[in-house]
Amino acid sequence: DAKTTQPTSMDCAEGRAANLPCNHSTISGNEYVYWYRQIHSQGPQYIIHGLKNNETNEMASLIITEDRKSSTLILPHATLRDTAVYYCIVRVAVYYTGANSKLTFGKGITLSVRP
Amino acid sequence: DVKVTQSSRYLVKRTGEKVFLECVQDMDHENMFWYRQDPGLGLRLIYFSYDVKMKEKGDIPEGYSVSREKKERFSLILESASTNQTSMYLCASSVSGGAGGVAEQYFGPGTRLTVT
C-alpha cells in the first residue's frame, strides 16, 4: 500500500473550516484514500473514503487532486469536539474473503480546534 | 449504529500471567481485527479473523494468540504477559469486501493494558 505524508499538527478556530492535507504521491490506480480520526482515549473512527472523485458525507468532504497524488479532508465548521488525530490512509480495495484488509495507520496530523 | 465493545478499558497484570482481552461486535461482521497502538509506532495489526475459527497472523503476532468461536466475539490471548506487551489494544470489525471492496472498519474504545 502507498505511503502517506501528513503535517504533524495544525490548528483552526472554532466555527471555521479545517483543511487537512495529505500527500500520497506513489498511490496506485486501484488504491483508495481513507480518513479516520482518533479522539483522545478512544478508538479510531471512520470519516470518509474516495477513489478519484470528491466525496462528501455528514462529517466531512474529501477533495482528491486530479493526479491523485494528494488529498484534503475538509471539516466545514470545526468544533471543539473535532480536536483529534486525523489519519490519512491509502489501501487497495479488498474484494475476497480471507484477504488481509488491515489498515496501516501512520502518525497522523493532530488538529487542535481553539475557541 | 455499529457497536464494538471491549471487555475492559484498563487492565493491570503481572509478568507471566495469562491475559484474555475480549471483543464483541453486534453487526454480524465477518472480519475482526486486533491492533496494538504504541506512541511513535502507530497502530500495528496483531491478528485478524475473517470467519469463525479462521485466523491469520498480522504484522506482530509473536507472543499472542486469538480465538474466534462465535462470529460476534474475537479474543486476544497473551499466553505469558511481558512488560513489552504494555500497550493500548484496539479491536475492530468490518464486513467482508463490502461495496467495491472498501468496507470501513469500526473500532472499539480500546483496552489499556499495563504489565508490571
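Reading the values: the criteria
Residues numbered from 1 in each chain as written. Chains lettered and ligands numbered in written order. Predicted model: local features only at pLDDT ≥ 70, side-chain atom pairs only at ≥ 80, totals over all residues. Heavy atoms only, no water. Phe/Tyr/Trp six-rings, centres within 6.5 Å; stacked < 30°, edge-to-face > 60°. Helix = DSSP H or I, 4+ residues; strand = E, 2+ residues; numbered from the N terminus. Buried < 20%, exposed > 50% of the residue type's maximum accessible area, 1.4 Å probe, protein only. pLDDT = per-residue confidence, 0-100. Pairing = 2+ DSSP bridges. Axes fitted to C-alpha atoms, helices over the stretch in contact; angles between N-to-C directions. Disulfide = S-S within 2.5 Å.

1. Remarks on the packing of aromatic side chains
Taken as a whole and judged by the stated rule, the model has 10 aromatic pairs over all chains. Ring geometry for Phe105 of chain A and Tyr35 of chain B: centres 6.5 Å apart, planes at 85°, overall edge-to-face. With Phe105 of chain A in the loop between β8 (84-92) and β9 (109-114) and Tyr35 of chain B in strand β4 (residues 31-38), the pair connects residues from two separate chains. When sorted by exposure, Phe105 of chain A lands in the same class as Tyr35 of chain B, which is buried. Between Tyr35 of chain B and Phe107 of chain B the ring centres are 5.6 Å apart and the planes differ by 40°, which places this aromatic pair in the tilted class. One end of the pair, Tyr35 of chain B, is in strand β4; the other, Phe107 of chain B, is in strand β10 (residues 106-107), with 72 residues separating them in the sequence. Put simply, the rings of Tyr36, Tyr46, Tyr87 and Phe105 of chain A together with Phe33, Tyr35, Phe48 and Phe107 of chain B pair up and form one aromatic cluster.

2. What about the confidence of the model for chain A?
Mean pLDDT over chain A: 92, with 94% of residues reaching 70 or higher. At the level of individual helices and strands, chain A shows its lowest average pLDDT in β8 of chain A, which scores 93, and its highest in strand β6 (residues 61-64) of chain A, which scores 98.

3. Let's talk about the sheet that holds strand β7 (residues 70-75) of chain A
Residue and element names in this part refer to chain A. The strand order across the open sheet built from four strands is β2-β7-β6-β5, with neighbouring strands paired in antiparallel fashion. Each end of this open sheet is capped by a strand with a single partner; those strands are β2 (18-23) and β5 (55-56). Sheet topology note: the β2/β7 ladder contains six bridges and is antiparallel. Note that in β7 the partner of Asn19 across the bridge is Ile74.

4. Thoughts on the sheet that holds strand β1 (residues 9-13) of chain A
All names here are of chain A. Judged by pairing direction, the sheet is mixed, and its five strands sit side by side in the order β1-β9-β8-β3-β4 without closing on themselves. The open sheet terminates on both sides in strands that have one partner only, identified here as β1 and β4 (45-50). Across the sheet, the axes of successive neighbouring strands diverge by a mean angle of 25°, strand direction being ignored. Pairing of β8 with β9 involves three bridges; the strand directions are antiparallel. The residue bridging Ala84 from the neighbouring strand is Leu111, located in β9.

5. Some thoughts on the state of the cysteines
Should the sulfur atoms of two cysteines be covalently bonded, the bond is a disulfide. Tallied over the entire structure, the rule returns two disulfides over all chains. Across the disulfide from Cys22 of chain A sits Cys88 of chain A; the S-S distance is 2.1 Å. In this structure the cystine formed by Cys22 of chain A and Cys88 of chain A twists about its S-S bond by roughly -85°; its chirality is therefore left-handed. One end of the pair, Cys22 of chain A, is in strand β2; the other, Cys88 of chain A, is in strand β8, with 66 residues separating them in the sequence. The exposure class assigned to Cys22 of chain A is buried, which follows from its relative accessible area of 2%. Here Cys88 of chain A falls in the buried class, since its relative accessible area comes to 1%. Between the sulfur atoms of Cys23 of chain B and its disulfide mate Cys91 of chain B the distance is 1.9 Å.

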